[in-house]
Amino acid sequence: MKRRGWFGWVSLGARLLLGGVMLVAGAMKVTDPETAAQAVRAYELLPSWLVQPVGWGLPFLEIAIGLLLVVGFGVRASAVAAGVFLLVFVVAVASAWARGLSIDCGCFGGGGQVAPGETKYLQEILRDVGLLVLAGWLWLYPSSKFAVVSETPQGVTAS
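Before going further, it helps to examine the overall build of the protein. Along the protein, the regular secondary structure elements total five helices and two strands. Walking the protein from its N terminus toward its C terminus, one meets helices and strands in the order α-α-α-α-β-β-α. Overall, the C-alpha framework of the protein stretches about 50 × 25 × 20 Å when taken along its three principal axes. The buried share among the 159 residues of the protein stands at 40%. Taking all contacts inside the protein whose residues are at least 6 apart in sequence as the whole, residues at least 24 apart take part in 72%. Counting every atom, the protein has about 8400 Å² of accessible surface; 72% of that belongs to carbon and sulfur. For the protein, the distance from the average position of its 11 positive side-chain charges to the average position of its 9 negative side-chain charges is 17 Å.

This part covers the nonpolar core. Formed by 16 residues in total, the largest nonpolar core has its most connected members in Leu 18, Met 22, Ile 65, Leu 69, Ala 82, Phe 85 and Leu 138. Of all the secondary structure elements, the ones that give two or more residues to this core are helix 1 (7-30), helix 3 (48-71), helix 4 (75-98) and helix 5 (121-140). Take this core: its biggest share by element is six residues, from helix 4. Excluding its chain neighbours within four sequence positions, the residues that come into contact with Ile 65 are Met 22, Ser 78, Ala 81, Ala 82 and Phe 85. Grouped together as the second largest cluster of nonpolar side chains are 12 residues, Val 90, Ala 92, Ile 103 and Cys 107 included.

Unusually for a residue other than glycine, Glu 44 sits at a positive phi of about 55°. Position of Glu 44 relative to the elements: it lies in the loop between helix 2 (33-42) and helix 3.

Direction vectors running N to C along helix 1 and helix 5 enclose 135°, while the axes themselves pass 9 Å from each other. Classified by the interaxial angle, the pair formed by helix 1 and helix 5 is oblique. Two packed elements cross with a definite hand, and for helix 1 against helix 5 that hand is left-handed. Between helix 1, through Phe 7, Val 10, Ser 11, Ala 14, Arg 15, Leu 17, Leu 18 and Val 21, and helix 5, the contact on the second element is made entirely by Leu 131, Leu 134, Ala 135, Trp 137 and Leu 138. Of the residues assigned to the contact of helix 1 with helix 5, the class counts are 11 nonpolar, one polar and one charged.

This paragraph deals with helix 4. For helix 4, with 24 residues, the first-to-last C-alpha span of 34 Å sits near the 34 Å given by 1.5 Å per residue. Following helix 4 by one or two positions, Gly 100 has its phi on the positive side, about 75°.

By secondary structure assignment, the location of Ser 102 is in the loop between helix 4 and strand 1 (103-104). Ignoring sequence-local partners within four residues, the contact set of Ser 102 consists of Gly 112, Gln 113, Val 114, Ala 115, Pro 116, Thr 119 and Tyr 121.

Rules used throughout
Residues numbered from 1 in each chain as written. Predicted model: local features only at pLDDT ≥ 70, side-chain atom pairs only at ≥ 80, totals over all residues. Heavy atoms only, no water. Helix = DSSP H or I, 4+ residues; strand = E, 2+ residues; numbered from the N terminus. Buried < 20%, exposed > 50% of the residue type's maximum accessible area, 1.4 Å probe, protein only. Contact = heavy atoms within 4.5 Å. Areas by Shrake-Rupley, 256 points an atom, 1.4 Å probe, with all protein chains shown as cover. Lys, Arg positive; Asp, Glu negative; His and termini not counted. Charge placed at Lys NZ, Arg CZ, Asp CG, Glu CD. Core = buried A, V, L, I, M, F, W, Y, C linked by side-chain atoms within 4.5 Å. Axes fitted to C-alpha atoms, helices over the stretch in contact; angles between N-to-C directions. Parallel < 35°, antiparallel > 145°, perpendicular 65-115°, else oblique. Left-handed = near helix turned anticlockwise from the far one by under 90°. Nonpolar A, V, L, I, M, F, W, Y, C, P; charged D, E, K, R; others polar. Expected span 1.5 Å × (residues − 1).

Structure (structure tokens):
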């Protein structure tokens, strides 16, 4: 099966967009780990002993995944990791919405309680679903232009 020539360009765009979002999200939280932990706490999903390690560790994982995607190393594995993150984020935001919590997602720093009219749950879920589509594309078609390591699925020839 021969892969279409433009797939590599689409995968490059997906890599840069998804990786860039992960990098920015992590970078905006890594400088203020206490606020990141506050954002995790606001979801009221984790036991209190787990909030601090998740709040402090999450930004570093986002940065690592973002860097791997941007440079094009381990694209398929990084896309799966990003996809898992995005699924968890969608479920967490949907859960907060369904339980009537009024919180900022904390996706790009900040987080915590907000006034009821200031929530943006639908936009956050739609954004993350769109990013999840990019992660799915990269899982299917990890080989892209300007990647450090090109990953060509078996049975597919690069063009």
